[in-house]
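Single-letter residue listing:
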Amino acid sequence: MNWVNESVFYHIYPLGFCGAPQQNSGGEPQNRIAKIIEWLPHFLKLHINAVYLGPVFESSEHGYDTTDYYTLDRRLGTNADFKKVCETLHAHGIRIVLDGVFNHVGRSFWAFEDVRKNGQASRYCGWFHNLNFGGGSPMGDPFWYEGWQGHFNLVKLNLQNPEVVNHLLGAVGMWMDEFGIDGLRLDAADCVDPAFFRRLRSYCREKRSDFWLMGEIIHGDYNRWANPDMLDSVTNYECEKGLYSSHNDKNYFEIAYSLNRQFGNGGIYKNLCLYNFVDNHDINRLATMLRNRTHLYNTYTLLYTMPGVPSIYYGSEWGITGAKQGGSDAPLRPCLELGQIVEADEPLCTHIARLGMIRRSLPALQYGTYEQRLVKNEQFVFERAFNGQHVYTALNLSDHPEYVEFHVRNAPLTDLFTGTTFETNDGNLKLELPAFGARILVPPEDGARLAGAAHAAPGTPESAAPAQAPDAPAARPDQPRAFRPGRYRHFKGNEYEAIGLARHSETLEQLVVYRALYGEGGLWVRPLDMFMEEIERDGKRIARFTYIGE
């Protein structure tokens, strides 16, 4: 078992999140990093149990131009301030992963400043890759050096120099020992000397066997970096693209192909727990990339149920937009305040919170195998299985309901979004998927266990009401999740007696049988999903039928 497989990550870019000045002008440290503690209740609501913090080391501007690996950026506070944050998060069961920017430093890095001051007499000339005095640099220096991808404000380190390696490992050890960090995300991993990663892995494993190393990789064979000698995981950019474009193009074959290639029978990454995401500090927000915002729900349902570990980029749980402007990443890295999110999509946030509860409660979603059951342009069904537990995710991106039929290993199955139970006698399950919606299907005992999670303590893996699809929003306290017979009031005012549940003879869909408690007492039937759903009226979400007693 591994803590990463069982995690739901929350990704924060601290300098933006905390509203730090764009430039580090020196001066006294300002304790902005404590803002993370203020967001702790929100993390627990989302069932977050790991945070990945973008660069926090002292830097000149954006954090990726490090000037001191051993000190918190003064715009965020002091080391003591950050230690309090780490202690608080750990006390609530939340792991901490920091951004390790070890490929390059900023021009104000102390050793590079020594070279600029002392020239060839500096003892640090060998700390930087290809630094030589055969010509000048584009920055006006009397020497040449290599910048990261041609950016000469980012000076590439010489990771074959033992002094450099020891300096970096010393910093890693300090953050591990004094702050208890649980892992590192390695920036620009494709540019880093593999020998350094091997040394880093050995060093970290000697200190903590469960310390996690994850590399930023955009293209290529992930196994080159994620293997028993180097890193544990990498960023899954292949699926990041497929998750949104398969919805934009109404083509689930795209993401299905990637998932099967990666994790299916014979999948090239089936033994890796990849870091999955839909947006981050470098790419446009998902809500900007999707042509139809309604697809946000299914995209996140996929993110949380596919193999790998899911991560939410701060603010995207409310569906905020953001795109690069004029080459600047600033619009992707805003300062946000709880309760002041502009046009916050609260139902989406609730949906994501429930997905967090579901993922943390089902080992099949954390460790399970992956097998596709049905793939069409607008419908997609796959199975995750682990130690006898089978979970089925069924999605429909169409603007109208669609029936799907697929083979299942066990029945009956309960939809975690609605509480509806489906049965089959021949091993083939046929059911209706709501428009722009999904179902996560589990054995009834798992459904009952998650239904009881509403009574768990906040912050535990099972501490939210059962999840629902976007067509079946959150239940209110007076509207029970699971159907029960009794009196209900329709949103227009009339009252009815719900007699019980029946099944459609062909589709096995559950139907509510109910009688009017007015007029001639007519008898009616309605799909259970529709009976229990909420609707929008006068700009507010209200229950179609509200339970009022036996």
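Keep in mind that this is a model prediction, so the values were computed, not measured. (Residues numbered from 1 in each chain as written. Predicted model: local features only at pLDDT ≥ 70, side-chain atom pairs only at ≥ 80, totals over all residues. Heavy atoms only, no water.)

A. The arrangement of the pattern of salt bridges in detail. With the rule as written, the count across this model stands at 34 salt bridges. Between D182 and R95 there is a salt bridge, with the nearest N and O atoms lying 3.4 Å from each other. With a gap of 87 residues between them, D182 in the loop between α6 (162–179) and β9 (183–186) and R95 in strand β5 (residues 95–100) connect regions that are remote in the sequence. The class for D182 is buried, based on a relative accessible area of 4%. Looking at R95, the relative accessible area reads 25%, which means it is partly exposed. Between E371 and R409 there is a salt bridge; the shortest N-O distance is 2.7 Å. Separated by 38 residues along the polypeptide, E371 in strand β14 (residues 369–375) and R409 in the loop between β17 (402–407) and β18 (413–415) bring together distant segments of the chain. Linked by salt bridges that have partners in common, R95, D182, R208 and D210 make up one network. (Salt bridge = Lys/Arg side-chain N within 4 Å of Asp/Glu carboxyl O. Helix = DSSP H or I, 4+ residues; strand = E, 2+ residues; numbered from the N terminus. Buried < 20%, exposed > 50% of the residue type's maximum accessible area, 1.4 Å probe, protein only.)

B. Broad picture of the packing of helix α11 (residues 296–305) against helix α12 (residues 346–361). Where α11 contacts α12, the axes come no closer than 10 Å and their chain directions differ by 15°. Taken together, the axes of α11 and α12 lie roughly parallel to each other. The interaxial crossing formed by α11 with α12 has right-handed handedness. Residues L296, Y297, Y300, T301 and Y304 of α11 touch α12, and the partners they reach there are P347, L348, H351, I352, L355, G356 and R359. (Axes fitted to C-alpha atoms, helices over the stretch in contact; angles between N-to-C directions. Parallel < 35°, antiparallel > 145°, perpendicular 65-115°, else oblique. Left-handed = near helix turned anticlockwise from the far one by under 90°. Contact = heavy atoms within 4.5 Å.)

C. Structural view of the sheet that holds strand β7 (residues 147–148). Strand order in the open sheet formed by 3 strands is β6-β8-β7, with antiparallel pairing between adjacent strands. Looking at the sheet topology across the chains shown, the edges are occupied by β6 (104–106) and β7. Where β6 lies against strand β8 (residues 151–156), 3 bridges are found, and the strand directions are antiparallel. Within the sheet, the bridge partner assigned to V105 lies in β8 and is V155. (Pairing = 2+ DSSP bridges.)

D. Representation of the domain arrangement of the chain in the model. Along its sequence, the chain is organised into domain 1 (3–100 + 160–339), domain 2 (104–158), domain 3 (364–453) and domain 4 (486–549). Here domain 1 and domain 3 have C-alpha centroids that lie 30 Å from each other. Taken together, the 25 residues of domain 1 in the interface contact 22 residues of domain 3. Both sides together, the interface formed by domain 1 and domain 3 hides about 2,100 Å², and carbon and sulfur atoms give 63% of it. Together, K250, Y252 and T305 form the three largest contributors to the area buried by domain 1 at its contact with domain 3, with a combined 28%. Taken together, domain 1 and domain 3 are joined by 9 residue pairs in polar contact (both at pLDDT 80 or more). Those elements giving two or more residues to the side of domain 1 that touches domain 3 turn out to be α8 (237–248), α9 (252–263) and α11. Per-element tally for the side of domain 1 that touches domain 3: the top contributor is α9, with 8 residues. (Domains from an automatic or database assignment. Buried area = accessible area lost by both parts, 1.4 Å probe. Polar contact = N/O pair within 3.5 Å; in protein donor to acceptor, adjacent residues only side chain to side chain.)

E. Structural view of the environment of M357. With respect to the element layout, M357 can be found in helix α12. Of the residues examined, M357 reaches a relative accessible area of 0% and is grouped as buried. The sequence separation of M357 and I48 amounts to 309 residues, and the corresponding C-alpha distance is 9.1 Å.

F. The arrangement of helix α5 (residues 110–118) in detail. Every buried residue of α5 is listed here: A111, F112 and V115. Down the axis of α5, the buried side of the element spans an arc of 100°, and every buried residue falls inside it. Along its buried surface, α5 packs onto β8. One or two positions beyond α5, positive phi appears at G119, with a value near 60°. (Arc of directions from axis to C-beta.)

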